[in-house]
Amino acid sequence: QVHLVESGGGLVQAGGSLRLSCAASGSTFVINAMGWYRQAPGKQRELVAHITSGGSTNYADSVKGRFTISRDNAKNTVYLQMNSLKPEDTAVYYCSAEVGPTWYDYWGQGTQVTVSS
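The following paragraphs examine the structure supplied in this document.

With respect to unusual backbone geometry
In this model, Asn76 sits at a positive phi of 50°, which is unusual for a non-glycine residue. Along the chain, Asn76 falls in the loop between β7 (67-72) and β8 (77-82). Residue classification places Asn76 among the partly exposed positions, given a relative accessible area of 26%. One non-glycine residue, Trp103, lies in positive phi territory at about 55°. Looking at the secondary structure, you find Trp103 in the loop between β9 (91-99) and β10 (104-107). Accessibility expressed as a relative area gives 43% for Trp103, which makes it partly exposed.

Right, here's the structure in full:
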């Protein structure tokens with residue numbers, strides 16, 4: 001079992017920055033990869049950024065060059081630095097962890113990010 005807790009969401013003006021954090025607890029030694037997803041009202045949940053235990057990353061095209069995902073393995077925490085935020089980045093952001101040999105997905109409760117124009 002892995003428990004994920006996100007923090008760092010909030011309200012920011014367009015062009016501003018936020019940093020999201022996701023702390024993992026429980027069986028963290030079996031986490032293969034972690035990621036950030038987001039879901040805007042009326043839309044499907046989409047991948048924002050993903051990082052493996054080896055540090056390989058990938059990003060949605062819409063956030064490349066603006067968002068950076070990083071991971072502190074010692075603290076079992078993954079971060080999402082979001083710069084140059086746009087109103088279309090407004091969504092609930094969820095942290096995920098892919099765990100064990102089946103890469104089972106665990107999810108956090110989500111944190112709201114609202115970007116005003």
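Quick word on the pattern of salt bridges
Under the defined criterion, the tally for this structure stands at 4 salt bridges. Note that Glu46 and Arg38 form a salt bridge whose closest N and O atoms lie 2.7 Å from each other. Since its relative accessible area comes to 37%, Glu46 is described here as partly exposed. You can call Arg38 buried: its relative accessible area is 6%. A salt bridge links Arg38 to Asp89; its shortest N-O distance comes to 2.9 Å. Residue Arg38 is found in strand β4 (residues 31-39), and its partner Asp89 is found in the loop between β8 and β9; the two are separated by 51 residues along the sequence. Note on accessibility: Arg38 and Asp89 belong to one class, buried. Connected through salt bridges with shared partners, the residues Arg38, Glu46, Arg66 and Asp89 form a single ionic network.

Definitions and limits used
- Residues numbered from 1 in each chain as written.
- Predicted model: local features only at pLDDT ≥ 70, side-chain atom pairs only at ≥ 80, totals over all residues.
- Heavy atoms only, no water.
- Helix = DSSP H or I, 4+ residues; strand = E, 2+ residues; numbered from the N terminus.
- Buried < 20%, exposed > 50% of the residue type's maximum accessible area, 1.4 Å probe, protein only.
- Salt bridge = Lys/Arg side-chain N within 4 Å of Asp/Glu carboxyl O.

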